[in-house]
Amino acid sequence: MASLTERLKDLVRPFYWTLLDRLTAGARDPLREMLRAAMEFERFNEVGGDYLEFGVMTGVTFATAYHMARSLGLSRMRFFAFDSFYGVIIRLRA
């Protein structure tokens, strides 16, 4: 049985995407379109697997992918984010 937290997340998730869609109405977001296409492909073909993102920086794409997958019911997909912080060190030295 799903925990209360998971059940609440399932209730809130559709409202989050509805709000996001309304805020971006009429605006094409190629990143969201690509992520949605990839996640729908995975769901339709039951490919299975995890999401890995390299060079995360701000985490916006990573968070978008996570919420997109969950909104499409891909609850078994795990998410891993990697970043070297290489650019941060160079900027701090300058």
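Residues numbered from 1 in each chain as written. Predicted model: local features only at pLDDT ≥ 70, side-chain atom pairs only at ≥ 80, totals over all residues. Heavy atoms only, no water.

### Overview of the packing of aromatic side chains
Counted under the stated rule, the structure contains 5 aromatic pairs. Here the aromatic rings of Tyr51 and Phe79 are separated by 5.4 Å at their centres, their planes lie at 40 degrees, and the arrangement is tilted. In this pair, Tyr51 sits in strand 1 (residues 51–54) while Phe79 sits in strand 2 (residues 79–82), placing the two residues 28 residues apart along the sequence. Take Tyr51 and Phe79: they sit in the same class, and that class is buried. Judged by centre distance (4.7 Å) and plane angle (10 degrees), the rings of Phe54 and Phe82 are stacked. (Phe/Tyr/Trp six-rings, centres within 6.5 Å; stacked < 30°, edge-to-face > 60°. Helix = DSSP H or I, 4+ residues; strand = E, 2+ residues; numbered from the N terminus. Buried < 20%, exposed > 50% of the residue type's maximum accessible area, 1.4 Å probe, protein only.)

### Let's talk about the environment of Thr61
On the secondary structure map, Thr61 appears in helix 3 (residues 60–71). A relative accessible area of 25% means that Thr61 is categorised as partly exposed. Sequence separation of Thr61 and Leu35 is 26 residues, and the distance between their C-alpha atoms is 8.9 Å. Ignoring anything within four residues of it in the chain, the contact list for Thr61 reads Leu31, Leu35, Tyr51 and Glu53. (Contact = heavy atoms within 4.5 Å.)

### What to know about the pattern of salt bridges
Opposite charge on two side chains permits pairing when their charged atoms draw close. All told, the structure shown has 1 salt bridge when counted by the stated rule. One salt bridge connects Asp50 with Arg78, and the closest N-O pair in it is separated by 2.8 Å. Of this pair, Asp50 sits in the loop between helix 2 (30–45) and strand 1 while Arg78 sits in the loop between helix 3 and strand 2, and the two are 28 residues apart along the sequence. (Salt bridge = Lys/Arg side-chain N within 4 Å of Asp/Glu carboxyl O.)

### Concerning a nonpolar patch on the surface
On the surface, a cluster of nonpolar side chains totalling about 400 Å² of accessible area is made up of Leu52, Phe54, Phe80 and Phe82. By relative accessible area, which is 44% here, Leu52 ends up partly exposed. (Patch = residues over 30% accessible without salt bridge, like charges linked within 9 Å, V, L, I, M, F, W, Y side chains within 5 Å. Areas by Shrake-Rupley, 256 points an atom, 1.4 Å probe, with all protein chains shown as cover.)

### Some remarks on the confidence of the model for the protein
Mean pLDDT over the protein works out to 77, with 61% of the residues at or above the 70 mark. Ranking the elements of the protein by mean pLDDT puts helix 4 (residues 86–93) last with 60 and strand 2 first with 93. (pLDDT = per-residue confidence, 0-100.)

### Digging into the packing of helix 2 against helix 3
How two helices pack is summed up by the angle between their axes together with the distance between the axes. At a closest axis distance of 10 Å, the pairing of helix 2 and helix 3 adopts a crossing angle of 40 degrees. As the angle between them shows, helix 2 and helix 3 are arranged oblique. Once helix 2 is placed against helix 3, the crossing between them reads as right-handed. Every residue of helix 3 that contacts helix 2 at Leu31, Arg32, Leu35, Arg36 and Met39 is listed here: Thr61, Thr64, Ala65, Met68 and Ala69. Grouping the constituent residues of the contact of helix 2 with helix 3 by class yields 6 nonpolar, 2 polar and 2 charged. (Axes fitted to C-alpha atoms, helices over the stretch in contact; angles between N-to-C directions. Parallel < 35°, antiparallel > 145°, perpendicular 65-115°, else oblique. Left-handed = near helix turned anticlockwise from the far one by under 90°. Nonpolar A, V, L, I, M, F, W, Y, C, P; charged D, E, K, R; others polar.)

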